[in-house]
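Spelled out from the first residue to the last, the chains are:
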Amino acid sequence: MQRKPKKQILFGQDARTELLTGANIASATIAKTLGPRGGTVILDKGNNQQLVTSDGVSVAREITLYNKMHNMGAEMIKSACARVEEEAGDGTTTTAMLTNTILKKGAKYIAAGGVDPISIQRGINKAVSFCVDLIQDWGKPVHTEKEITQVAMVATNGDEDISKALAKSCMIAGATGSITVEDGVSMDVEVIIKEGIELDAGWASPYFCDAEDKSEIMLESPLVAVVKGKVNSIDDVRAILEEGSQWPNPKLIFSLHTEGEALRTMIINHKKGVVKCCAVNVPGMHRWKEEWLEDIAALSGATLIDPDKSMKTKDFQPEYFGSLQKVIVKNKTTTIEAFEEAHDGLMERLKQLNHKMLSSTSDYDRDKYQERIAQLEGGLVILRVGGVSEMAMKERRARIEDALGAIRGALEEGVLPGAGNTLLLLSQALKAEEAVAFDGDDDYSELVGWRLLADALPQPFYHISESCGVNGQVAEDRIANALDEHFTLFTGWDPIQQKVRNLCDEPGILNSARTVRTAIQTAASIAGTLLTCEAAISIKR
């Protein structure tokens, strides 16, 4: 009988102190990469390989502390960074710093007594709502390649070559096209245009993913089966797997939903190496799921298995398979790259969609068809990233993927002043609003929560200014003096040139509004949760 490991239990202030120690270590490490003069961190990747990176989330992923209690605190910071990276692509370092600052100051208030942690959390959430409303009002729409380049410059820590390549890619892809990042063979970043699409749906099960980091499945020249129905029994997949086993190519099934015995059968065959395969459930409501399947059939050349036409998967024939050049499947997205030969099939599919759009009597349906047409016409833009070594290439690729997320956020929610200037403005707005938001009868603990966020927000601005050689308070005073003469939202501190100027002018210093919003919301959520902690349980070493 296996013995259960012994557990360590800490209560109240003792638990918060241990968790905060771990959070401090993680935040201090990640913060080294913040800003245009941020440093790099060397990561030991094993097998005598090291990665030098300035990407905050890459640093966060590598942090594991020996002390289990400390590690629990560090994991909270890591989870905050991962959440922001997934939603906004950038802002992970800012999130870590905000989370840790709220935690440190909040823990002091709680240790001193006289405040309620739950009410503090309510006050933090109240302040976050106020900030989110301001961010939505302040966001400036992005339209030009120049503006996109400015956002990318901040997200890539000033890499001009990468920023220009990203801006070019976004202008080519447009609002509906897809952009994917791949490893290249040259030293440069190449922009390539292909036929293809990106689905807002990932793998049917993570067990299909064999990568060490469980981040993505890359399928080269997969055989594709497209099923207009549910795939849930062994009979539904047996013929597909058996007919496909005569070729070494991986097998990929797109369907309305793959589940149950069918999914388990595919996973077992995949894990045992009998048939390398994967399943993807297309996104959307039922009718639009079927439209996705028809798009995929057109791109791959597959025959759509349609039960409405008396077709069954158990009668699957080899000629029903289609093929794609490359498919990258992740947790929530699937990127499809078609062969050049798919062009004729794609044009025919576009004709069908145009006919459906023109004959539709519903405004909603016409809009949806127009969206599908634009996405298929936009195609797939591929960024091939090179480097002097494999590790350098991976570090560069990580920065590009982060910047791509920031650009998408900017296109959807607009831009704000970068280099911590927006956070400083939000802090000032919170302090100015405090007297309106709270009167003498309000809960003092909620007021403490409001002040915790107001005090935490300027910290990234101070850190960036000081890393560039100017005291943060001095920089803030210079902005205040300049704003007395002429105020605009985008008048702020340039830490490189060390002067107050319009941050929209070249070289622009702009942040995605989504990045700022997500960083504040996530930091407040994680910190508020930890502040209410009254016990912590960990495995005892």
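Residues numbered from 1 in each chain as written. Predicted model: local features only at pLDDT ≥ 70, side-chain atom pairs only at ≥ 80, totals over all residues. Heavy atoms only, no water.

Visitor: Outline the overall build of the chain, supporting the account with residue identities and numerical values.
Guide: Looking only at helices and strands, the chain features 18 helices and 20 strands. In terms of overall dimensions, the chain is globule-like: its C-alpha atoms have a radius of gyration of 26 Å, near the 24 Å expected for 541 residues. Over its C-alpha atoms, taken along the principal directions, the chain stretches across nearly 75 × 70 × 55 Å. Counting all 541 residues of the chain, 55% fall into the buried class. Of all intrachain contacts in the chain linking residues separated by at least 6 positions in sequence, the fraction that spans at least 24 positions is 76%. A total accessible area of about 24800 Å² is found for the chain, and carbon and sulfur atoms account for 49% of it. Here the chain holds 60 positive side-chain charges and 77 negative ones, and the gap between their average locations is 6 Å. (Helix = DSSP H or I, 4+ residues; strand = E, 2+ residues; numbered from the N terminus. Rg over C-alpha atoms; globule rule 2.2 N^0.38 Å. Buried < 20%, exposed > 50% of the residue type's maximum accessible area, 1.4 Å probe, protein only. Contact = heavy atoms within 4.5 Å. Areas by Shrake-Rupley, 256 points an atom, 1.4 Å probe, with all protein chains shown as cover. Lys, Arg positive; Asp, Glu negative; His and termini not counted. Charge placed at Lys NZ, Arg CZ, Asp CG, Glu CD.)

Visitor: Lay out the nonpolar core with the relevant residues and their values.
Guide: If you look at the biggest cluster of nonpolar residues, it comprises 60 residues, and the most contacted ones within it are Leu430, Leu453, Leu457 and Ile520. Here the element with the most residues in this core is helix 5 (residues 117-138); it accounts for nine residues. Here isoleucine 520 is in contact with Leu98, Val128, Ile135, Leu423, Leu426, Leu453 and Leu457, once residues within four sequence places are set aside. Membership of the second largest hydrophobic core comes to 56 residues, among which are Ile240, Leu241, Phe316 and Leu350. (Core = buried A, V, L, I, M, F, W, Y, C linked by side-chain atoms within 4.5 Å.)

Visitor: Pulling in residues and values, what's your account of the side chain of serine 427?
Guide: Position of serine 427 relative to the elements: it lies in helix 14 (residues 421-437). Those residues in contact with serine 427 that sit more than four places away from it in its chain are Ala454, Leu457 and Pro458.

Visitor: Mind laying out the side chain of glutamate 147, listing which residues take part and the relevant values?
Guide: With respect to the secondary-structure elements, glutamate 147 resides in helix 6 (residues 145-155). A polar atom in the side chain of glutamate 147 sits 2.8 Å from the backbone nitrogen of histidine 143. Contact partners of glutamate 147, with chain neighbours within four places excluded, come to Lys140, Pro141 and Val142. (Polar contact = N/O pair within 3.5 Å; in protein donor to acceptor, adjacent residues only side chain to side chain.)

Visitor: Outline the environment of isoleucine 30, supporting the account with residue identities and numerical values.
Guide: Relative to the elements of secondary structure, isoleucine 30 occurs in helix 1 (residues 12-31). Along the sequence, isoleucine 30 and glutamine 498 sit 468 residues apart, while their C-alpha atoms lie 24 Å from each other. Apart from the residues lying within four places of it in its own chain, the contact partners of isoleucine 30 are Gly56, Val59, Ala60, Ile63, Ile77, Cys81, Thr93 and Ala96.

Visitor: How would you summarise the packing of aromatic side chains if you had to cite specific residues and measurements?
Guide: A full pass over the atoms with the stated rule returns seven aromatic pairs. Each ring, one from tryptophan 247 and one from phenylalanine 321, has its centre 6.4 Å from the other, and the planes form 85°; the classification is edge-to-face. Highlighted residues: tryptophan 247 in the loop between helix 8 (234-244) and strand 9 (251-258) and phenylalanine 321 in the loop between strand 11 (304-305) and strand 12 (322-323), separated in sequence by 74 residues. Here tryptophan 247 falls in the partly exposed class, since its relative accessible area comes to 35%. Of the residues examined, phenylalanine 321 reaches a relative accessible area of 10% and is grouped as buried. (Phe/Tyr/Trp six-rings, centres within 6.5 Å; stacked < 30°, edge-to-face > 60°.)

Visitor: Explain unusual backbone geometry residue by residue, including any values.
Guide: Unusually for a residue other than glycine, serine 221 sits at a positive phi of about 45°. Summarising the element assignment, serine 221 is placed in the loop between strand 7 (217-220) and strand 8 (223-231). Judged by relative accessible area, serine 221 falls into the partly exposed class, the value being 26%.

Visitor: Describe in detail the pattern of salt bridges, supporting the description with residues and values.
Guide: Under the counting rule described, the total for this entry stands at 25 salt bridges. Close ionic contact of lysine 356 with glutamate 291 constitutes a salt bridge, the shortest N to O distance being 3.1 Å. Here lysine 356, found in helix 11 (residues 343-359), pairs with glutamate 291, found in helix 10 (residues 286-300); they are 65 residues apart in sequence, far enough to count as distant. Classification of lysine 356 as partly exposed rests on a relative accessible area of 25%. (Salt bridge = Lys/Arg side-chain N within 4 Å of Asp/Glu carboxyl O.)

Visitor: Describe the pairing of strand 10 (residues 277-281), and please don't skip the residues or the numbers.
Guide: Of all the five residues making up strand 10, five are buried; the element is thus mostly covered by neighbouring parts of the structure. Here five bridges tie strand 9 to strand 10, and the two strands are oriented parallel to one another. Looking across to strand 10, one finds that phenylalanine 254 is bridged to valine 280. For the crossover that starts at strand 9, traverses helix 9 (residues 260-271) and ends in the parallel strand 10, the hand is right-handed. (Pairing = 2+ DSSP bridges. Right-handed = clockwise from strand over helix to strand, strands pointing away.)

Visitor: Describe empty space enclosed by the protein, naming the residues involved and giving the relevant values.
Guide: All told, the structure shown has two cavities of 30 Å³ or more when counted by the stated rule. Space inside the largest cavity adds up to approximately 70 Å³. Taken together, Arg16, Leu19, Leu20, Leu103, Ala107, Leu530 and Leu531 make up the full set of residues lining the largest cavity. Elements represented by at least two residues in the lining of the largest cavity include exactly helix 1, helix 4 (92-112) and helix 18 (513-531). Element by element, the count of residues in the lining of the largest cavity is highest for helix 1, at three residues. Of the residues belonging to the lining of the largest cavity, the class tally is six nonpolar, no polar and one charged. (1 Å grid on protein atoms, 1.4 Å probe; cavity = no way out; pocket = protein on both sides within 12 Å on 5 of 7 lines; lining within 4 Å. Points joined across faces, edges and corners; volume = space filled by probe spheres on them. Nonpolar A, V, L, I, M, F, W, Y, C, P; charged D, E, K, R; others polar.)

Visitor: Please provide a residue-by-residue account of the sheet that holds strand 6 (residues 196-199), values included.
Guide: Sheets are built from strands that pair by backbone hydrogen bonding, the pairs being arranged parallel or antiparallel. Pairing in this open sheet of four strands is antiparallel, and the strands run 6-14-13-7 from one edge to the other. One side of each edge strand has no neighbouring strand; the edge strands of this open sheet are strand 6 and strand 7. The mean inter-strand angle of the sheet, taken between neighbouring strand axes irrespective of direction, is 10°. With four bridges connecting them, strand 7 and strand 13 (residues 326-329) associate as antiparallel partners. Paired with glutamate 220 across the bridge in strand 13 is lysine 326. Helix 10 rests against strand 6 and strand 14 (334-337) of the sheet, and its axis sits at about 145° to strand 6. (Axes fitted to C-alpha atoms, helices over the stretch in contact; angles between N-to-C directions.)

Visitor: Help me get a handle on helix 9, residues and values and all.
Guide: An ideal rise of 1.5 Å per residue puts 16 Å on twelve residues; helix 9 measures up with 17 Å between its terminal C-alpha atoms. All of the buried residues in helix 9 are Ala262, Leu263, Thr265, Met266, Ile267, Asn269 and His270. As for helix 9, its buried residues are in contact with strand 8, helix 8, strand 9 and strand 10. Of the residues trailing helix 9, glycine 273 is marked for its positive phi of about 80°. (Expected span 1.5 Å × (residues − 1).)

Visitor: Before we move on, could you go through the layout of surface pockets and cite the residues and values that matter?
Guide: Of the volumes computed, that of the second largest pocket is approximately 700 Å³. Around the second largest pocket, the lining comprises 37 residues; the ones closest to its centre are Gly35, Pro36, Val154, Ala155 and Asn157. Taken together, the residues of the lining of the second largest pocket sort by class into 16 nonpolar, 16 polar and five charged.

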